[in-house]
Structure formats: C-alpha cells, structure tokens
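One letter stands for each residue in the lines below.
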Amino acid sequence: MDWNAYYQSHLATGEEAVARIKSGDRVVIGHACAEPSFIVEKMVENAKAYENVEIVHMVAMGKGAYCEPDMAPHFRHNSIFVGACTREAVADGRGNYTPCFFSEVPQMFHTTLPVDVALVQVTPPDAEGNVSLGVSVDYTREAIESAKLVIAQVNHHMPYTYGEGVLPVTDFDVFVEHDAPLIQLSPPKIGDVERAIGEHCAALIKDGDTLQLGIGAIPDAVLLFLKDKKDLGIHSEMFSDGVLELANAGVITNRKKTLHPGKFVVTFLMGTQRLYDFVNKNEDVVLYPVDYVNNPYVIAQNDNLVSINSCVQVDFMGQVCSETIGPKQISGTGGQVDFVRGASASKGGRSIMAMPSTVKGKISKIVPLLDEGAAVTTSRNDVDYVVTEYGVVHLKGETLHQRAKNLIAIAHPDFRPELIAAFEERFKCKY
Ligand code: COA
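Every chain's residues receive numbers from 1 upward, in the order its sequence appears when written. Restriction of local features to residues with pLDDT of at least 70 applies here, the model being predicted, together with a cutoff of 80 or more for giving and counting side-chain atom pairs; totals for whole chains, interfaces and linings are based on all residues. Where side-chain values are given, they derive from all heavy atoms of the structure, hydrogens and water being excluded.

### Some details on the site of the ligand
Here is step 1: What surrounds the ligand is a group of 20 residues, the closest being Asn-309, Val-312, Ser-331, Gln-336 and Lys-365.
Here is step 2: Under the rule applied, a polar contact is a pair of N or O atoms within 3.5 Å (in protein, one hydrogen donor and one hydrogen acceptor; residues adjacent in sequence only if both atoms are side-chain atoms). At 2.9 Å from an oxygen atom of the ligand is found a side-chain nitrogen or oxygen belonging to Gln-336.
Here is step 3: Side-chain polar atom of Lys-365 to a nitrogen atom of the ligand: 3.0 Å apart, as the coordinates give it.
Here is step 4: Coverage of the ligand by the protein amounts to 69% of the 970 Å² it exposes when considered alone. Working definition: residue near molecule or strand if any one of its non-hydrogen atoms lies within 4 Å of it. Note on areas: Shrake-Rupley with a 1.4 Å probe; residue coverage comes only from the protein chains shown.

### Observations concerning the sheet that holds strand E8 (residues 162-163)
Here is step 1: For two strands to pair, DSSP has to find at least two bridges joining them. What counts as a helix is a DSSP run of H or I of at least four residues, what counts as a strand is a run of E of at least two, and both are numbered from the N terminus. Taking strand neighbours across the sheet as the criterion, the three strands line up as E8-E16-E14 in an open arrangement whose pairing is parallel. Of all the strands in the sheet, just E8 and strand E14 (264-266) have a single pairing partner and so form its edges.
Here is step 2: Examined bridge by bridge, E14 and strand E16 (residues 285-287) share three bridges and lie parallel to one another. Along E16, the bridge assignment pairs Val-266 with Leu-287.

### Observations concerning the sheet that holds strand E10 (residues 174-177)
Here is step 1: Within the open sheet, the seven strands sit side by side as E4-E3-E2-E1-E5-E7-E10. Their pairing is parallel. A strand with exactly one partner marks an edge of an open sheet, and here the two such strands are strand E4 (95-97) and E10. Strand-to-strand twist across the sheet, computed as the mean angle between neighbouring axes with direction ignored, equals 20°.
Here is step 2: Taken together, the five bridges between strand E2 (residues 53-57) and strand E3 (residues 75-79) define a ladder with parallel strand orientation. Its bridge partner lying in E3, Val-56 is registered against Asn-78.
Here is step 3: Against the sheet, helix H3 (residues 37-45) makes contact with strand E1 (26-29), E2, E3, strand E5 (117-122), strand E7 (149-154) and E10, and its axis sits at roughly 120° relative to E7, the strand it touches most. Lines are fitted to the C-alpha atoms to define the axes, a helix being fitted only along its stretch in contact, and any angle between axes, read from their N-to-C directions, falls within 0 to 180 degrees. Any pair of residues with heavy atoms lying within 4.5 Å of one another is described as a contacting pair.

### Some thoughts on the nonpolar core
Taken as a class, soluble globular proteins show a tendency for nonpolar side chains to be buried jointly.
Here is step 1: Grouped together as the largest cluster of nonpolar side chains are 78 residues, with contacts concentrated most on Phe-172, Leu-226, Ile-234, Phe-239, Phe-264 and Ile-352.
Here is step 2: A domain split of this core shows at least three residues from each of domain 1 (3-177) and domain 2 (192-427).
Here is step 3: Apart from residues no more than four positions distant in its own chain, Ile-352 is found in contact with Cys-201, Leu-204, Val-306, Ser-307, Ile-308, Asn-309, Tyr-385 and Val-387.
Here is step 4: Buried Ala, Val, Leu, Ile, Met, Phe, Trp, Tyr and Cys residues form a nonpolar core when they are joined through side-chain atoms within 4.5 Å. Buried residues are those whose accessible area, probed at 1.4 Å on protein chains only, stays under 20% of the maximum for their type, while exposed residues exceed 50% and partly exposed ones sit between those limits. With 27 residues, the next largest nonpolar core counts Ala-17, Val-27, Val-53 and Leu-149 among its residues. Domain borders in the structure are assigned automatically or taken from a domain database.

Any functional reading would require information that these geometric values do not contain.
In structure tokens, the structure reads:
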C-alpha cells in the first residue's frame, strides 16, 4: 500500500479516534505546546465511557480539563512536571507526580510507564509520506514508537521541523485532521529585578559559549544583555521567542559549537507564532529526542556549555530546591540536573542558578535550611554559580562556611542580619 492510501484509510473523526481508548489505559499526551488540544477535548467529552484512564503528561500547557474534580472517576493524572493546570489535582490527591530527570522519560516508557495510547500532533504528510512532530520530539517520539495505539491530530499550523522528529505515516494508527493555532507561550514580563539578574548572568557568558536556557523571565532577561557577544550557540532543552532577536542580529551563529556546529539543538519549543514561523522548515534548527539532547554526556560534548536555570530556594550548603514549596510539588526536576551535570563535565562549562533574592520582598529565597519537606533538585555537590539581583557567587569547591558567606552576600539586605545570626549559631564562628 502506498503512503497516501495508508493515510486515507486511517483517517477518523475525533469521536471515532477517542472511542478506541479503553478504561485502565495509560495515555501519554504530546508535550507542552504540541498537545493535540482537539483530540484531548474529544477525550474529555467522552469521559463517561472511561474508568481510571491514566494521563501522563509533562509541561501541560492546555486546559487540563481531565484534572477537574468531577473527572476523578474517569481520569487520574500522573505528572512528570507539575504546572499551573495540574498543581491543584496533584495537591488534592487526584493526581500524582513521578520524580525523574527529563532525560530518563523515554526509557521509563519501557520500564515503569509502558504506554497504551499516545495522543500527538503532527504536520500534514510531505511529498514522501512523512509527517513532522514540529515543536516536540522530546518524549513524544518515544511515546509514538512504544505505544500500542497512536492517534495523531494533523494540523497545518504545526511547523515542520527537522532532526529526528520526521516519521513515516505508517508509524501512526489513526489520523484526525483538525486545523487550529498551536498553544502559545507569551513572552514573560521582565522587571527591574530580572534585568539585574540578567546582567549578572550575562557577565559570566563569553564569546563562543553554547547556552542552555530555561523557561521564563530570567532566561529572557539574560538574552537582553548578550547583544554585544559574538558567535554564541544553543544546545538547550528548549528555546522561546527571546532567542530570535539575537539569532536575527547574528549574535547567535552556532558557528563555534563543538557538537552540531551551525545548528540550534533543542528537544522542544514553546513560544508565539513568531517562533513557530522561525523554526518552520528551518534547516538550522534541529530537534532530537530528550534522551539525546538532555543526556549529560551529550551535553558535555559541547565545550564552554553554560546552563542557566532558576529555583525556589537555596540553603546555606548550596542545596537547591527548584520544584517544591515545602512538601507541595509546584513544578518538576525537568532538565535542570541534566544540564547542571552536563555543564560541569563540559570543557570550560559553567552552570548558573539564577533567582530573585526574595519572593515579592517578603520571603528570602536564601535560607539556612530548606523548608521542611522540600525536595533537593540540584545537590550541593552539583551546584556551581548562584546569581541574584545582588550579584554572582561561586559555590563549587568551597567549604560549608564559605558557601554560606557567599550566599548571604547576595541575599536581600533586609534578610542579611537574620541570616548572619543563623550562620553564627550553626557554624559556631563569626561571620
Ligand atoms: N517560598 C514560597 N513560595 C515561593 C518561593 C519560596 N521560596 N519561591 C517561589 N515561590 C512561589 C512564587 O511566589 C510563585 O507563586 P505564585 O504562582 O502563586 O505567584 C510560584 O512559587 C512560582 O515561582 P516563580 O518564581 O513565579 O516561578 P518561575 O516561573 O520563575 O519558575 C521555577 C521558577 C523554579 C519554578 C522553575 O524555574 C522550575 O520549575 N525549575 C525547575 C525545572 C527546570 O529548571 N527546568 C529547566 C529546563 S527548562
């Protein structure tokens, strides 16, 4: 059968497609902005037909209606990264969280999380009968490879990207054609605190470095201060609109990269239509699975790799919590540790943990002890640079006393007296 005949004979309506999901199935949803919103909506409309369907998703950017309290008999959510629409379900016990490194998720589909159904979104087939996974290859590709049933929303709005996310139509079981704009992530608001943090981080970045940038205001603020740099490169879990200006200005060239020179290497993309237009059929942008992009040994093959991530709290020893407030799971480990370790093993590499010194001026994020129940995301042995709006400190290789002194020096001035008192009581020596 030629590919077109295969494609035509596997077309279905949304209702027909979701009728093939069975009670007790584990359903993996395509990641982040690649979520096939139309099929997910149809699945939620069909909720009464299911009992105990497990939804596995990482950064959920859609409505997350399967997490609503009245959906509890039909769906339970197993989050591999808790976000705005899944936080409440996890906190209330209707959902759960699986701790893991992002780089390990594809492997988990062959161990603790075998996939029954993958719900994904793709481009229409090209002339050779291949579709592109567009803005998410990460774990989405492995979910497709390992699922018993693969249902794809075919959407003309999905950008066609290169790398390892181009698959033959025969890898899919059901196609549902539905055009709709992709989920978008608006550029964050950058305030004075983020600008100051961005400027401090930028001072640690040299011409020719390869960057990993997390999500949010701080990474975007860093980019504002890189306009005078030369030949920067990107090997990152993801990037967003913030990178475009530097790419268009010729600051990011990827020319000096020691792995995949000339290419932006990522595993997923989140941004506005501007970003999606930039990556569409752009041979300079390549998406590979997350067990490759986020593998610390692969990351380390980039010399001068600088990773920039954010966190919730740092204690006196340099233990970094990035995903809980006390015992409450508010996000996930994601790719943070993958990149911290990759940067540490990279020749000339550095990792930066950047955060405002306080939560809205009221709570210090630099603390003697992490809150009771908090998760340690990046260990004290892995942490390298820490940045707040008050400066940059280096912790790797420093003693406990020196780490605490360094951190107090970049804490908010209002909190320094109480931090110094805690230092003197704990370490039995003068600050
Ligand atoms: N005590 C109490 N509350 C705190 C807090 C603290 N020390 N630190 C943060 N919070 C609260 C904030 O007030 C905010 O609450 P709100 O949503 O009610 O306003 C919430 O936690 C999120 O904090 P915020 O600073 O707005 O988050 P952010 O969008 O800048 O993201 C992380 C920060 C740490 C959550 C995010 O970077 C993350 O998830 N990191 C781990 C994964 C990762 O690094 N991936 C990297 C590759 S992309």
